[in-house]
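Structure assessment
Take a look at the letters that make up each chain.
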Number of protein chains: 2
Amino acid sequence: MSNRPRGMSARADRLVTMSPTPDSAVRTYIEQHRAAFLDDLSEWLRIPSVSVRPDHAPDVRRSADWLAAKLGETGFPIVEVWPTEGAPAVFAEWPSGDDAAPTVLVYGHHDVQPAAREDGWDSDPFEPVLRDGRLYARGAADDKGQVFFHTLGVRAHLATTGRTAPAVNLKLIVEGEEESGSPHFRALVERHADRLAADAVIVSDTGMWAEDTPTVCTGMRGLAECEIRLYGPDQDIHSGSFGGAVANPATAVARLVAALHNEHARVAVPGFYDGVVELTDRERELFAELPFDEQRWLHTAKSHAAHGEAGHSTLERIWARPTAEVNGIGGGYQGPGSKTIIPSSAMVKLSFRLVAGQDPDHIEKAVRAWAADQVPAGIRSEITFSGATRPCLTPLDHPALQSVVRAMGRAFDSPVRFTREGGSGPAADLQDVLGAPVLFLGISVPSDGWHAPNEKVELALLLKGVETSAYLWGDLAASWGHAP
Amino acid sequence: MSNRPRGMSARADRLVTMSPTPDSAVRTYIEQHRAAFLDDLSEWLRIPSVSVRPDHAPDVRRSADWLAAKLGETGFPIVEVWPTEGAPAVFAEWPSGDDAAPTVLVYGHHDVQPAAREDGWDSDPFEPVLRDGRLYARGAADDKGQVFFHTLGVRAHLATTGRTAPAVNLKLIVEGEEESGSPHFRALVERHADRLAADAVIVSDTGMWAEDTPTVCTGMRGLAECEIRLYGPDQDIHSGSFGGAVANPATAVARLVAALHNEHARVAVPGFYDGVVELTDRERELFAELPFDEQRWLHTAKSHAAHGEAGHSTLERIWARPTAEVNGIGGGYQGPGSKTIIPSSAMVKLSFRLVAGQDPDHIEKAVRAWAADQVPAGIRSEITFSGATRPCLTPLDHPALQSVVRAMGRAFDSPVRFTREGGSGPAADLQDVLGAPVLFLGISVPSDGWHAPNEKVELALLLKGVETSAYLWGDLAASWGHAP
């Protein structure tokens, strides 16, 4: 998934939630099984399941088969490899046997980003290496490690509670095309909506604020994307002969973009903020409590000044406020030197990040109406919207979120804070199709180097993931179980 | 040179200047010599002097030599081929012998645009064809025909006045790189400024309004060009992770361009209009008297609506008002589909057409100061200006202009109206370096197809050019001669 902000200072200032006592039996069980767990994970990491590379398609299939077999060994009574038009996904299900138990669906992916030694890796990206408490390999954090901690987690849950099945109806969906943009995922979810039905979705494909700051992500922004093309003269015309007397589509596209934001850097499209769920005072406090260092964040953003909607902090701007950004703009002559033309056409690619309460269809209507109003006489416009993603937001008082926070707090023996993601992801498809809230349980940290050379996972955090998983299912069943 | 507006209706409504009586002796002389004149011109047109094609460099040199020889035959006592770093120019001089005579420099060019039969020509572009009173060939109108009419013109002047030298000190400079942007012309003029010194420059490389509407062009716009590059993040960054919280250079470039014009389509750069010579009421009346049809003009402009500075007509906008146009804009992802980035940089190429009273150096300073004010925090800007061209404008009451109008009026036996050119050209270099006013004497019409297939010149108009030239030198000497 997308990057998450860096810029944390050395320590958190204040408890956010009290952490219940950890369970020494769980820790003992994990300690006893960690060697085999790491051996298994390493075996999986050796499969170069690079979904964007057609020549690796057999590896992606092998990765799915490997995982399916391992989930069977783990004890899942139902394990299936689901084909798609692209790479296969793995589905597993382990019913609780308890009528009152909630159903939880875990999401992850088994495909990985491309990687090659010559990109700057210190070792073969597909030959895992343990060094200084870190496991280096492509996929160690994104996302095989984070999928895999659930296997030992559920075993620890059973072993330490004496159960033969999890306290919740546990389902897993592990897709094989996330690094390729999940082109077939929504169709897959729609096709198998009955099988995937759940009371909550747990996405294990995100991260925490920092090694010493365990956090739970409570939402991701949605996305609407469009391309606007403006057409002026039927062909490029001479800017001397005609300049000053006809509308220039490059000027028009610039004026359109300039009209996107007002002087407070708020999006000026009428209706854009309709329904936006504003941050509560408590949420703003929680954001402000994170040990955020703007200079460090700017360094990560490779940027030279913070800039955004007036009245909001940087974290609020990237996590909780909707945006309109230009991804590309073009028109006329862009080569060396000059060419005295009025271009025939110009275009802009815009993306809108959406927050809870915003509806991509409404945004499309609002943008179309706004754009039509901006286009001057003599210019014709064409707007194309591409696939939209809805925002996800888990209310802080949601009982399943409380369970995740308690389980993580026990594992980390530390207060748990809240973050969000500025990006967008396939989790939204699960939310939309299944009608279930999406929660995020990830133990990766910014230094893990997703999509970069020398990707790694911190072993200590990986095992905290196992431990969180071990606590989570019992907590969810106890605090959120249906009346029998 | 640049295109000129079309859109004339069938007839002019009102006399602009009274036309003096034509001279039957001149007409008889021209009639007697027209066949040889056309044979000579055709011979010149057979030389494919395409300056942009390196493989035609020998042809361009041959064209210069051919013209030099012909000017010698015409009677010019001084004829020289001047080399440049590119193609050679031809210089000729014919002193009047009269101390009171003004000195006039005629400008034209002997190179032509590329042309090939397969571009849509009905006949070989370098094998002139006479058909329906038109001579078809590349260069027939632009510009060999218009240079060449002066040769027979000066012979007719001498033959009908009994003189052995022209009534003015007559000089010609015929360059060989106009169709390549005259890259070495200014340096050539500076090098030979003493030889080229003149009281007035007559440019024969423009056109008239229409076959039935003889006009004299009284000015061309100047040109200042720049490229502005804006730099944001050090590399493209993820618009989900960082969007809404840092400045986007594509948005910034759009806001910059949008700030170029105010709501009245006036250029909003402070100081831009400093010194602009406003149209007099008489000039606006003269523009309004031209038989202009906006729908036909829009058709020529391949545009769908007129748009420009409030309070001015289309002709005023293209001829007499300064402009700011976007020639190109670009930044970020412009390929198919979408890419959720905040681009690292964006750029815009701007050109400013300037009118009398505007100084390109002042415009550069004004644009630099304005742009610096527009750039938001976190964005770095770079502005590069390329070579500028000054505007030319001949006052309507200039005695040399009055001579051109009278000579043309006698030749056409018709009132002469005034136009301007919206484009810019090397004539400005002559004005700047020589400090002489620039006048325009052209007999081409919009249908001649400059730079297009089937370029032609109307024989009747070509001979009116000869006749105008025959009347002009005597008129100039009589009405504008120095006190002896």
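Everything numeric here is computed off the predicted structure, so don't read it as measured data.

**So, the UniProt feature "domain: Peptidase M20 dimerisation" (unreviewed entry) in chain A**
In the numbering used here, UniProt assigns the "domain: Peptidase M20 dimerisation" (unreviewed entry) feature to residues 219–376 of chain A. Structurally, residues 219–376 of chain A is divided into 30% helix and 23% strand, and its ends, taken at the C-alpha atoms, are 39 Å apart.

**Quick word on the layout of surface pockets**
Residues and elements named next belong to chain A. Quantified by volume, the second largest pocket comes out at close to 860 Å³. Lining the second largest pocket are 32 residues, and of these Glu178, Gly181, Ser424, Gly425 and Pro426 sit closest to its centre. At the level of secondary structure, the elements contributing two or more residues to the lining of the second largest pocket comprise α4 (185–191), β9 (222–231), α10 (360–374), β14 (380–389) and α12 (427–434). Ranked by residues supplied to the lining of the second largest pocket, first place goes to α4 with three residues.

**Structural notes on the domain arrangement of chain A**
Residues and elements named next belong to chain A. We note that the domain assignment places domain 1 (24–220 + 391–480) and domain 2 (222–276 + 322–389) within chain A. A straight line from the C-alpha centre of domain 1 to that of domain 2 covers 40 Å. The partner domain 2 presents eight residues to the eight residues of domain 1 that form the contact. Buried surface at the junction of domain 1 and domain 2, both sides included, amounts to about 580 Å², of which 64% is carbon and sulfur. Of all residues in domain 1, Pro391, Leu393 and Ser424 bury the most surface against domain 2, accounting for 70% of the area lost on that side. Linking domain 1 with domain 2 are zero salt bridges. At the junction of domain 1 with domain 2, the criterion picks out two residue pairs in polar contact (both at pLDDT 80 or more). In terms of residue class, the side of domain 1 that touches domain 2 is made up of four nonpolar, four polar and no charged.

**Comments concerning the sheet that holds β9(A)**
Pairing within the open sheet is antiparallel, and its eight strands lie in the order β14(A)-β9(A)-β13(A)-β11(A)-β11(B)-β13(B)-β9(B)-β14(B). Each having just a single partner strand, β14 of chain A together with β14 (380–389) of chain B make up the two edges of the open sheet. Averaged over neighbouring strand pairs, the angle between their axes works out to 20 degrees when direction is ignored. Across ten bridges, strand β9 (residues 222–231) of chain B lies against strand β13 (residues 345–354) of chain B in antiparallel orientation. Across the sheet, residue Ile228(B) finds its bridge partner in β13(B), namely Val348(B). Running over the sheet, helix α10 (residues 360–374) of chain B touches β9, β13 and β14 of chain B and is turned about 165 degrees from β14(B).

**Digging into the packing of helix α1 (residues 24–45) of chain B against helix α3 (residues 144–161) of chain B**
All names here are of chain B. Relative to each other, α1 and α3 sit at 145 degrees, their axes nearing to 9 Å. At the point where α1 passes α3, the crossing takes the right-handed sense. Contact residues: α1 offers Ala25, Val26, Tyr29, Ile30, His33, Phe37, Asp40, Leu41, Trp44 and Leu45, while α3 offers Lys144, Gly145, Val147, Phe148, Phe149, Thr151, Leu152, Arg155, Ala156, Ala159 and Thr160.

**Here's the deal with unusual backbone geometry**
Asp143(A) follows Asp142(A) through a cis peptide bond whose omega is 10 degrees. One can find Asp143(A) in the loop between β5 (134–136) and α3 (144–161). Backbone geometry places Lys302(A), a non-glycine residue, at a positive phi of 50 degrees. Tracing the chain through its elements places Lys302(A) in the loop between α8 (294–300) and α9 (314–319). Of note, the phi angle at Ser182(B) is positive, near 50 degrees, even though the residue is not glycine. If you trace the backbone, Ser182(B) turns up in the loop between β6 (169–175) and α4 (185–191).

**Points about the interface of chain B and chain A**
Listed per partner, the contact involves 73 residues of chain B and 73 residues of chain A. Buried area between chain B and chain A, summed over both chains or domains, comes out near 5600 Å², and the portion from carbon and sulfur atoms is 54%. Between chain B and chain A we count 39 residue pairs in polar contact (both at pLDDT 80 or more) in total. Among the elements of the structure, β9, β10 (237–238), α6 (249–258), α8 (294–300), α9 (314–319), β11 (323–332), β12 (341–342) and β13 of chain B are those that each provide at least two residues to the side of chain B that touches chain A. Ranked by residue count, the leading element in the side of chain B that touches chain A is β11(B), at nine residues.

Rules and cut-offs
Residues numbered from 1 in each chain as written. Chains lettered and ligands numbered in written order. Predicted model: local features only at pLDDT ≥ 70, side-chain atom pairs only at ≥ 80, totals over all residues. Heavy atoms only, no water. UniProt positions renumbered as here; feature names shortened; annotations may be inferred. Helix = DSSP H or I, 4+ residues; strand = E, 2+ residues; numbered from the N terminus. 1 Å grid on protein atoms, 1.4 Å probe; cavity = no way out; pocket = protein on both sides within 12 Å on 5 of 7 lines; lining within 4 Å. Points joined across faces, edges and corners; volume = space filled by probe spheres on them. Domains from an automatic or database assignment. Contact = heavy atoms within 4.5 Å. Buried area = accessible area lost by both parts, 1.4 Å probe. Salt bridge = Lys/Arg side-chain N within 4 Å of Asp/Glu carboxyl O. Polar contact = N/O pair within 3.5 Å; in protein donor to acceptor, adjacent residues only side chain to side chain. Nonpolar A, V, L, I, M, F, W, Y, C, P; charged D, E, K, R; others polar. Pairing = 2+ DSSP bridges. Axes fitted to C-alpha atoms, helices over the stretch in contact; angles between N-to-C directions. Left-handed = near helix turned anticlockwise from the far one by under 90°.

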